[in-house]
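Each chain, letter by letter, is given below.
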Amino acid sequence: MGCCQSTESDQISNTLMVQFASNQSIQTKSGLRDQITKREWIMKYGYPTTDNLFQYEGHILAYSNFFKCPLWVCEGLTKDMLDKKSIDRGQRRFEKVDLIPVMFQSNYNDYKVKNIDRGHMAAAGNHHYSEQALSDTFFLNNICAQTRNVNRSIWKELENHVRKLVGQHGTVHVITGPLFCTTTKYLEIQMLGKNKVAMPTHFFKALCWAGSMEGYIIPNEDTVSGEIEQYKVGTICEIEKVAGFRIFEKAQATREE
């Protein structure tokens, strides 16, 4: 993977180091866009946070050195992207990210725990339009420890729901990530493997399109069942209050504080 770095200041601080993971461009209804414009398009509704960002062909994420997983991952999805399924997933390997210092990395073996999957935040199924974009979703900074039951049932259903919305509306922006919640005075976090990878208590997915938003919070538990509508939140603010950052702050959509 060829990597480069930039200190471009558009939309973000002059001092922010954005770590580019590919130099691909994107085809949208407006035509071929260069890399900077592509970043603006994916993040058109604002950055939830501006530290430790990584840009890939089809997604941008913020990585937590402490939790050793992404804080959030943003995708801009179009119907044209999803209709083009030219690349097969195949038997791809999860890869570490060399730009992350070793002390803050996870590795493949950290997730070898009973009933735990390596859960994609930017869904591999959204990026079959490009070899690079699909491969990028298998970097470990896009992965969270997810219970097998959640990953292979309700989460898969939610990802399919996102793709259905893209088919209906043409373009949908998606922000996905882990949550660490508690109903008691203290927050206990299970840490996995030699590198102490944090096990989220919940996951969120927030969607924005054409002046509309919807969001979901799903417990990361083996006992989760039912339909995705059961996990739909009343407003995006419910996710923000737990996550600790704003989501789609620049969107011209109704939001309740």
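Conventions we followed
- Residues numbered from 1 in each chain as written.
- Predicted model: local features only at pLDDT ≥ 70, side-chain atom pairs only at ≥ 80, totals over all residues.
- Heavy atoms only, no water.
- Buried < 20%, exposed > 50% of the residue type's maximum accessible area, 1.4 Å probe, protein only.
- Helix = DSSP H or I, 4+ residues; strand = E, 2+ residues; numbered from the N terminus.
- Pairing = 2+ DSSP bridges.
- Disulfide = S-S within 2.5 Å.
- Core = buried A, V, L, I, M, F, W, Y, C linked by side-chain atoms within 4.5 Å.
- Contact = heavy atoms within 4.5 Å.

1. Quick notes on the pairing of strand β8 (residues 116-120)
- For β8, the tally of buried residues reaches five of five residues, placing the bulk of the element in the interior.
- Side chains of β8 alternate between two faces, with I116, R118 and H120 and D117 and G119 buried alike.
- Here β8 runs beside strand β9 (residues 143-147); their pairing, made up of five bridges, is antiparallel. Bridged to R118 within β9 is A145.

2. Things to note about the state of the cysteines
- Per the counting criterion, the structure on display carries zero disulfides.
- Cysteine C69 remains unbridged, with the sulfur of C144 as its closest cysteine sulfur at 4.0 Å.
- Of the residues examined, C69 reaches a relative accessible area of 1% and is grouped as buried.
- Looking at C74, it has no disulfide partner, and the nearest cysteine sulfur is the one in C208, 9.5 Å off.
- On the accessibility criterion, C74 (2% relative accessible area) is buried.

3. A word on the nonpolar core
- Residues F54, I154, W155, V172, L207 and I218 are the most contacted members of the largest nonpolar core, which totals 34 residues.
- Breaking this core down by element, the ones donating at least two residues are β6 (59-64), β7 (69-78), α5 (154-169), β10 (171-179), β13 (202-209) and β14 (212-219).
- The biggest single contributor to this core is α5, with six residues.
- Excluding residues that lie within four positions of it along the chain, V172 makes contacts with E75, G76, L77, L165, V166, L207, C208 and W209.
- Within the second largest apolar cluster, 27 residues are counted, among which are L53, A62, V233 and I247.

Interpretation in functional terms is not warranted from these geometric data alone.
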